[in-house]
Amino acid sequence: MEFSPENIIDQEFKLSYRYYSGGERFLFLFHGYGQTTDIFQTFIESVKPYFTVIAIDLFFHGASEMIQHHKDYISIAAWNGLFEKILKKHSINTFSLLSFSIGSRFVFSVMETFQSRIERIVLIAPDGFGNNFWFRISTSNVVCRGVFKLVLTYPALIRWPGKLLQLLGMINAYTYRFIQKSLQLKSERERIYNTWVYFRKLKITSPDFERIIQQSLIPLLFVTGEADELVAGTEIKKISNRLHAPHIELPLAHAKMIQALELDAVKQFLITDR
């Protein structure tokens, strides 16, 4: 599939993305943890008659980089500044957004500033509405972040406690397998730390999220997994009910939720006129 590799570079960041020329409307895509924009290839081909697509590389994935680490996080203001540079570079006025998992934090962070320019939003298994116990406890304060870094430096510290938590029913088998797999390689341990710590301030409260949707009337679609233990499915159902937003629930665990891209309902939602 033809695409143009593009970059936005300043003193702190190098934001890399792929630009796929297509229809007159614009669609931004944000992948999840441990993924690259390659997961969108088939989906992009199916929506290109309607959209020109911009698939973002999350930091610490693909070619996006934090050039200077003056802070241990990226702020909403810094991210919005980078996003606005993309809009200006390609003369984009209005656009739609689709995200998976932790990529949803980047969608949440542009909603307040650019709400009048957003046409539609699709959130697939979105992280940020709660329920990810490990993310919260690992990044909540400087002490917890220090412990988190220590554990990832010496992974044996968590293996047996993790197994005990599973046996006690405090975490499920999927979460335990995720921990075990993620701790195997040093490069993966570094990426977990960097991703979780640097993305921690890209978030929105449920009331603020609902307020923006209600005042801007942005059409919204949630897709969640019945067996997804990493995402607050119950909370998302409540939000979708209050907003009268469509919500699709699939019989899938978190890692399989990217299969939602294959749903005709997702594509039809995006291409339907507002």
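For the structure, check the block above.
Asker: What exactly am I supposed to notice about the overall build of the protein chain here?
Answerer: Each helix and strand counted, the protein chain has 11 helices and nine strands in total. A sequence separation of at least 24 residues applies to 75% of the contacts in the protein chain between residues at least 6 apart. Carbon and sulfur atoms make up 53% of the accessible area of the protein chain, which amounts to about 12900 Å² in all.

Asker: Before we go on, may I ask you to explain unusual backbone geometry in this structure?
Answerer: Peptide bonds are mostly trans, and most non-glycine residues show a negative phi. A positive phi is found at F60, a non-glycine position, where the angle reads about 70°. Take F60: it is sitting in the loop between β4 (51–56) and β5 (65–66). With a phi close to 60°, L217 is a non-glycine residue in the positive phi region. Take L217: it is sitting in the loop between α9 (206–216) and β8 (220–225). For L217, a relative accessible area of 63% puts it in the exposed group.

Asker: How do you make sense of the packing of aromatic side chains when you look at a structure like this?
Answerer: Two descriptors summarise a pair of aromatic rings, namely the distance from one centre to the other and the angle between the planes of the rings. Scanning the entire structure with this criterion turns up 14 aromatic pairs. On the basis of an interplanar angle of 50° and a centroid distance of 4.7 Å, the ring pair of F28 and F83 is categorised as tilted. In this pair, F28 is assigned in strand β3 (residues 25–30) and F83 in helix α2 (residues 76–89), connecting sequence segments 55 residues apart. Residues F28 and F83 agree in their burial class; the two are buried. Ring geometry for F60 against F199: centres 6.4 Å apart, planes inclined by 35°, an arrangement best described as tilted.

Asker: Got a minute to help me understand the nonpolar core in this structure?
Answerer: In globular proteins that are soluble, nonpolar side chains generally tend to be buried together. The biggest cluster of nonpolar side chains holds 79 residues, and the ones touching the most others in it are F28, W79, L98 and F209. Looking at this core element by element, the count peaks at six residues for helix α3 (residues 104–114).

Asker: Whenever I open this one, the environment of D72 confuses me. Can you help?
Answerer: If you trace the backbone, D72 turns up in the loop between β5 and α2. With a relative accessible area of 30%, D72 lands in the partly exposed category. Expressed as a C-alpha distance, the spacing of D72 and N194, which sit 122 residues apart in the sequence, is 8.5 Å.

Thresholds, definitions, all that
Residues numbered from 1 in each chain as written. Predicted model: local features only at pLDDT ≥ 70, side-chain atom pairs only at ≥ 80, totals over all residues. Heavy atoms only, no water. Helix = DSSP H or I, 4+ residues; strand = E, 2+ residues; numbered from the N terminus. Contact = heavy atoms within 4.5 Å. Areas by Shrake-Rupley, 256 points an atom, 1.4 Å probe, with all protein chains shown as cover. Buried < 20%, exposed > 50% of the residue type's maximum accessible area, 1.4 Å probe, protein only. Phe/Tyr/Trp six-rings, centres within 6.5 Å; stacked < 30°, edge-to-face > 60°. Core = buried A, V, L, I, M, F, W, Y, C linked by side-chain atoms within 4.5 Å.

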